[in-house]
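Overview (structure and organization)
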Amino acid sequence: MDKAAYLLPLLLTVFSASSVFGGHDYGQALTKSILFFEAQRSGHLPSNQRVKWRSHSGLRDGKASGVDLVGGYYDAGDNVKFGLPMAFTITMMSWSIVEYGKQLARSGELSHAMDAVKWGTDYLIKAHPQPNVLYGEVGDGNTDHYCWQRPEDMTTDRRAYKIDPSNPGSDLAGETAAAMAAASIVFRHSNPSYSSELLSHARQLFEFADKYRGKYDSSITVAQKYYRSVSGYQDELLWAAAWMFHATNDDYYVDYLGENGDAMGGTGWSMTEFGWDVKYAGVQVLAAKFLMQGKGGRHSPVFQRYQGKAESFMCSLLGKGNRNVQKTPGGLIFKQRWNNLQFVTSASFLATVYSDYLASAGDDLSCPAGDVSSAQLLSLAQSQVDYILGDNPRATSYMVGYGNNYPQQVHHRGSSIVSIKVDPTFVSCRGGYATWYSKKSSDPNLLTGATVGGPDAYDNFADERDNYEQTEPATYNNAPLVGILARLNSGSNGYNQILPVTPATPVTKPAHVPKRKETPTLAPIAVSQKITFSWVHQGRTYYRYSTILANKSGKTVKDLKLSVSKLYGPLWGLTKSGESYSFPEWIKSLPAGKSMEFVYIHTTSPATISVATYTLA
């Protein structure tokens, strides 16, 4: 490396503090992390394909079953298309965009991230040809692992496996519904017809998952050795319901979350992991977001229990809980020796978004070992990313192509065999092992952006192709990382993550900020409002209003019903009942001389609040 090239990262550190922290160029890592998905593409590659050493593959997938299953992603270093981890990848990539689309746009990577999602959802649409039929795998791990071939040369069995009412798979159908619902949010404004199509598939898949219950690996048994559903399907049903609610605001799904949270374990399990199999922590974080947005309604007490478990997860990551995650001597979260980094990136993503939720709500995290600020939670996520990018005892970057010292012998068929465009000579099933797998040299093709399995519990790592536990990458390692890198690359600029994506009704900001507004009400209850905070987000000024209800009578107020109109944002501290609002679940009455507070956020003058009915006791 010449001197100028060596000095460039240092200059960036000095002059681009908003995008580079801790000595790492998060923008560069973000670009590379998305590029990896293009190396994992199956099917007929598009003209704008940027990973040039790859070519078309799997062009007859599904044909024997009478269905078009061309496309999608290879999950890791093999050539099988596994439906469960692929759908989870799409859900997490979509979540990254839902939370940090603005930051991705600023970095110039939003279109690439959306392309990565669409490559997956185009395939998932094909895999769902009927309401109660979903193809969940193409190829099988046993025959595939017998061979070492680049995907362009595949001679392995490409049989397609499906679930249906006679052979159910609620976990697979639920995760696919979640992926479709999350992606529908991504495309809502740029491609509304496609978004609507995704949401239609998501609704059908959720109904299929819920009505015909069963574990998918009992129906697609060839998946058991590779992606066994150990957690069962109840977490996926809740996860799907959460994403359906996020995408639709349909009360059916919030009722599903509220009525099944206890029975299905969503409010009961205190988790220390999150990934393609176990979704509980993700459900809990989403439910906490809904609660902070004031969307819990009559289910707010249940959602508070979800939030309690979400915060237990965060405390465990920070080492301040009752049951903490294991960490290596170098500080890396450690769950298992096989592809441990999948758990690191997924957990760090949850910590990142929850940190922003807390900051948006002005809250801290209360842990058994002490209170934690939102900034400390984000710092935890950043420390894990920095470890992956090279701040570790081995000074090794576990993202291929990032930094000066990264894995050279990745356990990946495509990158380890010379490109078909360079040497079109056919690579046979077993010949690939003899010629390419056993080579002790660097990969001929750089698998840019791939996050490999990572080090062991003692920070040790062996860069060897046959060390699949440590050197194999996976799409679901990278998908959560996209969101975290976008967030870190944006710097410390404040923004509100729990605001609705768009106001319910077009509004204009007030000409002036009133100190207090007294609303005429039915005596003896006085209503006063004031602005307690304001901020600018995407060119709009948002106001947080505090509203005080004071009982001026000498009796206790019960059965209170409030009318709230001209409200264009979330409201906290009341329960919505039809068109009116009443006391929250935890308040049954308002004694004489006492007062209570609720708050709401929107971009215009105070809402109109009046007392509809009440009784005095």
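From a predicted model like this one, the values you see are computed outputs, not experimental measurements.

**A few points about the packing of aromatic side chains**
Taken as a whole and judged by the stated rule, the model has 28 aromatic pairs. Centre to centre, the rings of Trp-239 and Trp-243 are 6.1 Å apart; their planes meet at 90 degrees, and the pair counts as edge-to-face. Taken together, the positions of Trp-239 and Trp-243, both in helix α10 (residues 234–248) and four residues apart, correspond to about one turn of that helix. The same class applies to Trp-239 and to Trp-243, which are both buried. Each member of the aromatic cluster is reached from another via a ring pair, and the members are Phe-88, Trp-95, Trp-239, Trp-243, Phe-274 and Phe-349. Between the NZ or CZ atom of Lys-118 and the centre of the ring of Tyr-194, over which it lies, the distance is 4.6 Å.

**Here we look at the sheet that holds strand β4 (residues 134–138)**
Within a sheet, adjacent strands bond to each other through the backbone by hydrogen bonds, running parallel or antiparallel. Strand order across the open sheet formed by three strands is β3-β4-β5, with antiparallel pairing between neighbours. Edge strands, defined here as strands with exactly one partner in the open sheet, are β3 (81–82) and β5 (160–163). Two strands pair when backbone bridges link them, and β3 and β4 are joined in this way by two bridges, in the antiparallel orientation. In the strand pairing of β4, Lys-81 is matched with Val-138. With respect to the sheet, helix α6 (residues 170–186) is in contact with β4 and β5, its orientation differing from that of β4 by roughly 100 degrees.

**Quick notes on the pattern of salt bridges**
Overall, the coordinates contain 23 salt bridges when judged by the stated rule. Asp-61 is the salt-bridge partner of Arg-158, the closest N and O atoms lying 2.9 Å from each other. Residue Arg-158 is found in the loop between α5 (141–146) and β5, and its partner Asp-61 is found in the loop between α2 (26–39) and β3; the two are separated by 97 residues along the sequence. With relative accessibility at 17%, the residue Arg-158 sits in the buried group. Exposure remark for Asp-61: the relative accessible area of 3% places this residue in the buried category. A salt bridge links Asp-255 to Arg-298, with the nearest nitrogen and oxygen atoms 3.4 Å apart. Of the two residues, Asp-255 is situated in helix α11 (residues 251–260) and Arg-298 in the loop between α12 (280–292) and α13 (300–318); the sequence distance between them amounts to 43 residues. Given the relative accessible area of 22%, Asp-255 is considered partly exposed. Because the salt bridges share partners, they merge into one network encompassing Glu-38, Arg-41 and Arg-50.

**Re the domain arrangement of the protein chain**
Each assigned domain of the protein chain is listed here: domain 1 (32–490) and domain 2 (525–616). One C-alpha centre belongs to domain 1, the other to domain 2; they are set 41 Å apart. In this complex, domain 1 contributes 11 residues to the contact, which on the side of domain 2 involves eight residues. Interface area for domain 1 against domain 2, summed over the two sides, is near 690 Å², with a carbon-plus-sulfur share of 49%. Mapped by element, the contributors of at least two residues to the side of domain 1 that touches domain 2 are α12, α13 and α14 (341–361). Split by residue class, the side of domain 1 that touches domain 2 holds four nonpolar, five polar and two charged.

**Brief notes about α11**
Because an α-helix packs 3.6 residues into every turn, residues spaced three or four apart end up facing the same way. Three or more residues of α11 are buried, namely Tyr-253, Val-254, Tyr-256, Leu-257, Gly-258 and Asn-260. Buried residues belonging to α11 abut α7 (192–211), α10, α12 and α13. The N-terminus of α11 is capped by Asp-250, whose side-chain oxygen sits 2.9 Å from the backbone nitrogen of Tyr-252.

**Quick look at the UniProt feature "domain: Carbohydrate binding" (unreviewed entry) in the protein chain**
UniProt's feature table lists "domain: Carbohydrate binding" (unreviewed entry) at residues 525–605, given in the numbering used throughout. Across residues 525–605, the secondary structure splits into 0% helix and 64% strand, with the terminal C-alpha atoms separated by 22 Å.

**Observations concerning the UniProt feature "active site" (unreviewed entry) in the protein chain**
Listed under "active site" (unreviewed entry) in the UniProt record, and renumbered for this structure, are His-411, Asp-463 and Glu-472. A maximum C-alpha distance of 10.2 Å places the annotated residues, which cover 62 residues in sequence, within one compact spot. Annotated residues from the preceding list that form part of the lining of the second largest pocket: these are His-411 and Glu-472. Inspection of the secondary structure assignment puts His-411 in the loop between α15 (374–388) and α16 (413–416). Among the residues examined, His-411 registers a relative accessible area of 8% and is labelled buried.

**A look at the packing of α10 against α11**
Where α10 meets α11, the closest approach of the two axes is 8 Å, and the angle between their N-to-C directions is 150 degrees. Helix-helix and strand crossings are classified by hand; for α10 and α11 the assignment is left-handed. Contacts from Leu-237, Leu-238, Ala-241, Ala-242, Met-244, Phe-245 and Thr-248 of α10 reach α11 at Tyr-253, Val-254, Tyr-256, Leu-257 and Asn-260. In terms of residue class, the contact of α10 with α11 is made up of 10 nonpolar, two polar and no charged.

**Things to note about the layout of surface pockets**
There is about 730 Å³ of room inside the second largest pocket. Broken down by secondary-structure element, the contributors of at least two residues to the lining of the second largest pocket are α9 (224–227), α14 and α17 (431–437). Of the residues that constitute the lining of the second largest pocket, the class distribution is 16 nonpolar, seven polar and eight charged.

**Description of the state of the cysteines**
One pass over the full model with this rule turns up two disulfides. There is a disulfide in this structure between Cys-147 and Cys-429, and the S-S distance comes to 2.0 Å. Because the sign of the S-S torsion sets the handedness, a value of about -85 degrees for the bond joining Cys-147 and Cys-429 places this disulfide among the left-handed ones. Taken as a pair, Cys-147 in the loop between α5 and β5 and Cys-429 in the loop between α16 and α17 lie far apart in primary sequence, 282 residues in all. Assessed through its relative accessible area of 16%, Cys-429 is described here as buried.

**Overview of the environment of Asn-478**
Summarising the element assignment, Asn-478 is placed in helix α19 (residues 475–489). When near neighbours in sequence (up to four residues on either side) are disregarded, Asn-478 contacts Ser-33, Phe-36, Phe-37, Gly-449, Ala-450 and Thr-451. Within the local environment of Asn-478, its side chain forms a polar contact with the backbone oxygen of Ser-33, the two atoms lying 3.0 Å apart.

**Section: empty space enclosed by the protein**
Counted under the stated rule, the structure contains four cavities of 30 Å³ or more. Ala-39, Gln-40, Arg-54, Tyr-74, Ala-76, Gly-77, Asp-78, Asn-79, Pro-151, His-412 and Gly-414 together form the lining of the second largest cavity. In the lining of the second largest cavity, the residues fall into four nonpolar, five polar and two charged.

**Describing the pairing of strand β12 (residues 540–551)**
Most of β12 sits out of view: 10 of its 12 residues are buried. The sheet contact formed by strand β11 (residues 525–537) and β12 spans 12 bridges and is antiparallel. Within β12, the residue paired with Gln-529 across the bridge is Thr-547. Here β11 folds back onto β12, and the loop between the two strands holds two residues, one of which, Gln-538, carries a positive phi near 50 degrees. Here eight bridges tie β12 to strand β18 (residues 595–602), and the two strands are oriented antiparallel to one another. For Ser-546, the partnering residue across the bridge sits in β18 and is Val-599.

Rules of the game
- Residues numbered from 1 in each chain as written.
- Predicted model: local features only at pLDDT ≥ 70, side-chain atom pairs only at ≥ 80, totals over all residues.
- Heavy atoms only, no water.
- Phe/Tyr/Trp six-rings, centres within 6.5 Å; stacked < 30°, edge-to-face > 60°.
- Helix = DSSP H or I, 4+ residues; strand = E, 2+ residues; numbered from the N terminus.
- Buried < 20%, exposed > 50% of the residue type's maximum accessible area, 1.4 Å probe, protein only.
- Lys NZ or Arg CZ within 6 Å of the ring centre and 35° of its normal.
- Pairing = 2+ DSSP bridges.
- Contact = heavy atoms within 4.5 Å.
- Axes fitted to C-alpha atoms, helices over the stretch in contact; angles between N-to-C directions.
- Salt bridge = Lys/Arg side-chain N within 4 Å of Asp/Glu carboxyl O.
- Domains from an automatic or database assignment.
- Buried area = accessible area lost by both parts, 1.4 Å probe.
- Nonpolar A, V, L, I, M, F, W, Y, C, P; charged D, E, K, R; others polar.
- Polar contact = N/O pair within 3.5 Å; in protein donor to acceptor, adjacent residues only side chain to side chain.
- UniProt positions renumbered as here; feature names shortened; annotations may be inferred.
- 1 Å grid on protein atoms, 1.4 Å probe; cavity = no way out; pocket = protein on both sides within 12 Å on 5 of 7 lines; lining within 4 Å.
- Left-handed = near helix turned anticlockwise from the far one by under 90°.
- Points joined across faces, edges and corners; volume = space filled by probe spheres on them.
- Disulfide = S-S within 2.5 Å.

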